[in-house]
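Okay, here's what each chain looks like letter by letter:
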Amino acid sequence: MKKFISVLLCMLLGLTMVSCGVSENSGEDFTSEDTRKENSDTTAAVSSVSETENITDNSEASKILVAYFSLADEQYEVGIIEKGNTEIIAEIIADKTGAELFKINANTDYPTTYEGLLDISKQEESDPPELAKNVTNMADYDIVFIGYPIWWGDLPTIVKVFLESNDFSNKTVIPFCTHAGSGLSGTQKSVENLCNGAEIRDGLAVRGTTAQNDRDEAEKAVTDWLSELGIS
Ligand SMILES: Cc1cc2nc3c(=O)[nH]c(=O)nc-3n(C[C@H](O)[C@H](O)[C@H](O)COP(=O)(O)O)c2cc1C
């Protein structure tokens, strides 16, 4: 009888271990599906970083900066605005991640008309402006969001100057932009080229009109993107 009971106990123990093993394996085998959505207003770019990689684990300890360039006054498709399109997205990101904000500025004033901006932006390509000020404690940040409007299918020159003026090695750098139809337009690669030693994550492109006139849609785009990145 004793022998029978010990055999029964062994069988029960074995069953329990097998069931535990299955449960662990099912956790390891779980792979998240790529839920990235693309539409004409908001687009998440593809980066070289694995889709399953997630930085939620250390987000509590991570210090996050949102550095952005953005202009108010007259802008394409939205008329005269009080707050720049990219600045609106930058503030939503900061609000949702607890990040600090840094506004990238040139040391000269920009024209307040769209036509004027078209001229000055071209001049800047051959005569780059200087930064009005730089981030003094960049070493403190683990994650840096870089925001900008698309200018001529590229980064505005002052954003290139900002990226060249800082050391992003060993940081996670995440681009976002507003635009009038171009999307990120390859700028994720430009950011990568200017941020040596940084890990570049999937960028977000939001249409300027969406940022300016459809707050709910803009918030949703940011929330979905942060969630895909594992930062929220
Ligand atoms: C000089 C200049 C060049 C631009 N070039 C492009 C472009 O190539 N593609 C595009 O989609 N939008 C372009 N735009 C539109 C801006 O990207 C868009 O209006 C953006 O939302 C402005 O953001 P901001 O208010 O944060 O500066 C351009 C705007 C300016 C002023």
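Quantities reported herein were computed from a predicted structural model and do not represent experimental measurements.

Quick notes on the rules
- Residues numbered from 1 in each chain as written.
- Predicted model: local features only at pLDDT ≥ 70, side-chain atom pairs only at ≥ 80, totals over all residues.
- Core = buried A, V, L, I, M, F, W, Y, C linked by C-beta atoms within 7 Å.
- Buried ≥ 20, exposed ≤ 12 C-beta atoms within 10 Å, placed from the backbone.
- Helix = DSSP H or I, 4+ residues; strand = E, 2+ residues; numbered from the N terminus.
- Contact = placed C-beta atoms within 7 Å.
- Near = placed C-beta within 6 Å.
- Nonpolar A, V, L, I, M, F, W, Y, C, P; charged D, E, K, R; others polar.
- pLDDT = per-residue confidence, 0-100.

## So, the nonpolar core
Working step 1: Core analysis: the biggest nonpolar cluster contains 47 residues, and Ala67, Ile89, Val144 and Val173 have the highest contact counts within it.
Working step 2: When residues of this core are traced back to their parent elements, those giving at least two are strand E2 (64-68), helix H2 (85-97), strand E6 (143-149), helix H4 (157-164), strand E7 (172-179), strand E9 (204-207) and helix H7 (215-229).
Working step 3: With near-sequence residues (within four places) excluded, Ile89 lies in contact with Gly147, Phe176, Thr178, Val206, Ala211, Ala218 and Val222.

## Here we look at the site of the ligand
Working step 1: The environment of the ligand is made up of 23 residues, and the closest members are Ser70, Thr86, Pro149, Ser182 and Gly208.
Working step 2: Secondary-structure elements contributing two or more residues to the shell around the ligand are H2, helix H3 (114-126) and E7.
Working step 3: Taken together, the residues of the shell around the ligand sort by class into 10 nonpolar, 12 polar and one charged.

## Considerations on unusual backbone geometry
Trans peptide bonds make up most of the peptide bonds, and negative phi angles are found at most residues other than glycine.
Working step 1: For Asp73, which is not glycine, the phi dihedral falls at a positive 60°.
Working step 2: By the secondary structure assignment, Asp73 is in strand E3 (residues 73-75).
Working step 3: Unusually for a residue other than glycine, Glu77 sits at a positive phi of about 70°.
Working step 4: Mapping Glu77 onto the fold places it in the loop between E3 and strand E4 (79-81).

## A closer look at the environment of Asn105
Working step 1: Tracing the backbone through its elements, the reader meets Asn105 in the loop between strand E5 (100-103) and H3.
Working step 2: The class for Asn105 is partly exposed, based on 17 C-beta atoms found within 10 Å.
Working step 3: Measuring from C-alpha to C-alpha, the distance between Asn105 and Ile158 comes to 7.4 Å, with 53 residues separating the pair along the chain.

## Overview of the confidence of the model for the protein chain
Working step 1: Across the protein chain, the average pLDDT comes to 82, with 74% of residues at 70 or higher.
Working step 2: Scored below 50 in pLDDT, residues 46-59 makes 17 contacts in the model with residues more than four places away or belonging to other chains.

## Notes on H4
Working step 1: Among the eight residues that make up H4, six are buried, leaving the element largely enclosed by the rest of the structure.
Working step 2: Looking at H4, one finds that the buried residues are Thr157, Ile158, Val159, Val161, Phe162 and Leu163.
Working step 3: The elements touched by buried residues of H4 are E2, H3, E6 and helix H5 (187-194).

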